[in-house]
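Results of the structural survey
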Amino acid sequence: MNQKSVLHEAIRDASNPMAVLDRIVQQSLRLVPRADGASLEMRCDAENLEYISAAGRLAEYVGLRLPLTQSLSGLAVLTGEVQRCNDGRTDPRTNHEAVERTGVVSMLCVPLSTQQGGVAVLKVSSCEPCAFTDDDVEQI
């Protein structure tokens, strides 16, 4: 691909919101070395979040819905605070059905908010317990 084609592709992608969101999710895997999955989950209604973009081991779960009040992602959105989980299989804040389905064990959930409140969460995850440290929280 020549330089002009690369530039045109970059401009086209920059004007496509989903391409930008996909890029952010993919890049989050590079920010946190032990992460093997990442997702962007948006509030799709008053009670649920939905994976609208995902990468790594979570890529196949686009469209997965999580209850806002029964998931670590939802807690991050509702509190506006980063949430970290070392083992989702035993952590009461997680949605155990989703943990079992996706194989996600460790999670960092970063809330994304507007002035009206929480609307989304960027989550990096790992299938290994205790995968993330305080330094990883700072990186994301």
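Here the structure is a predicted model, which is why all the values come from computation and not from measurement.

Each value, and the rule that gives it
Residues numbered from 1 in each chain as written. Predicted model: local features only at pLDDT ≥ 70, side-chain atom pairs only at ≥ 80, totals over all residues. Heavy atoms only, no water. Helix = DSSP H or I, 4+ residues; strand = E, 2+ residues; numbered from the N terminus. Rg over C-alpha atoms; globule rule 2.2 N^0.38 Å. Buried < 20%, exposed > 50% of the residue type's maximum accessible area, 1.4 Å probe, protein only. Areas by Shrake-Rupley, 256 points an atom, 1.4 Å probe, with all protein chains shown as cover. Lys, Arg positive; Asp, Glu negative; His and termini not counted. Charge placed at Lys NZ, Arg CZ, Asp CG, Glu CD. Core = buried A, V, L, I, M, F, W, Y, C linked by side-chain atoms within 4.5 Å. Contact = heavy atoms within 4.5 Å. 1 Å grid on protein atoms, 1.4 Å probe; cavity = no way out; pocket = protein on both sides within 12 Å on 5 of 7 lines; lining within 4 Å. Points joined across faces, edges and corners; volume = space filled by probe spheres on them. Nonpolar A, V, L, I, M, F, W, Y, C, P; charged D, E, K, R; others polar. Expected span 1.5 Å × (residues − 1). Polar contact = N/O pair within 3.5 Å; in protein donor to acceptor, adjacent residues only side chain to side chain.

Looking now at the overall build of the chain. The helix and strand inventory of the chain stands at five helices and six strands. Mapped from its N terminus to its C terminus, the chain presents α and β elements in the order α-α-β-β-β-α-β-α-β-β-α. The globule rule puts the C-alpha radius of gyration for 140 residues at 14 Å, and the 15 Å found for the chain is close to it. If you line up the chain on its principal axes, its C-alpha atoms span 50 × 30 × 25 Å. Across the 140 residues of the chain, 40% fall into the buried class. As displayed, the chain has an accessible area near 7900 Å², and 49% of this comes from carbon and sulfur atoms. Separation of charge centres in the chain, based on 13 positive and 19 negative side chains, amounts to 5 Å.

Core analysis: the biggest nonpolar cluster contains 18 residues, and Tyr51, Leu58, Met107, Cys109 and Val121 have the highest contact counts within it. Contributions of two or more residues to this core are made by strand S2 (48–56), helix H3 (72–79), helix H4 (96–102) and strand S5 (106–114). With near-sequence residues (within four places) excluded, Leu58 lies in contact with Gly37, Ala38, Ser39, Tyr51, Thr102, Val104 and Ser125. Counting residues in hydrophobic clusters, the runner-up holds 13 residues, among them Leu108, Ala120, Leu122 and Val124.

It is worth spelling out H3 at this point. The set of residues buried in H3 consists of Leu72, Ser73, Gly74, Ala76 and Val77. Directly beyond the C-terminal end of H3, a positive phi value near 75° is found at Gly80.

We now examine empty space enclosed by the protein. Overall, the coordinates contain one cavity of 30 Å³ or more when judged by the stated rule. Roughly 90 Å³ of volume is contained in the largest cavity. Along the walls of the largest cavity sit 14 residues, with Asn95, Ala98, Val99, Met107 and Lys123 positioned nearest its centre. Here the lining of the largest cavity is built from residues that sort into eight nonpolar, five polar and one charged.

Right, let's get into helix H2 (residues 17–31). Across its 15 residues, H2 extends 21 Å between first and last C-alpha, which sits within 8% of the 21 Å expected from 1.5 Å per residue. Among all positions in H2, only Ala19, Val25 and Ser28 are buried.

To continue, consider the side chain of Lys123. With respect to the helices, strands and loops of the structure, Lys123 is situated in strand S6 (residues 117–126). Judged by its relative accessible area of 4%, Lys123 falls in the buried class. One polar contact links Lys123 to Glu41, side chain to side chain, over a distance of 3.1 Å. Apart from residues no more than four positions distant in its own chain, Lys123 is found in contact with Gly37, Ala38, Ser39, Glu41, Tyr51, Leu66, Ser73, Met107, Leu108 and Cys109.

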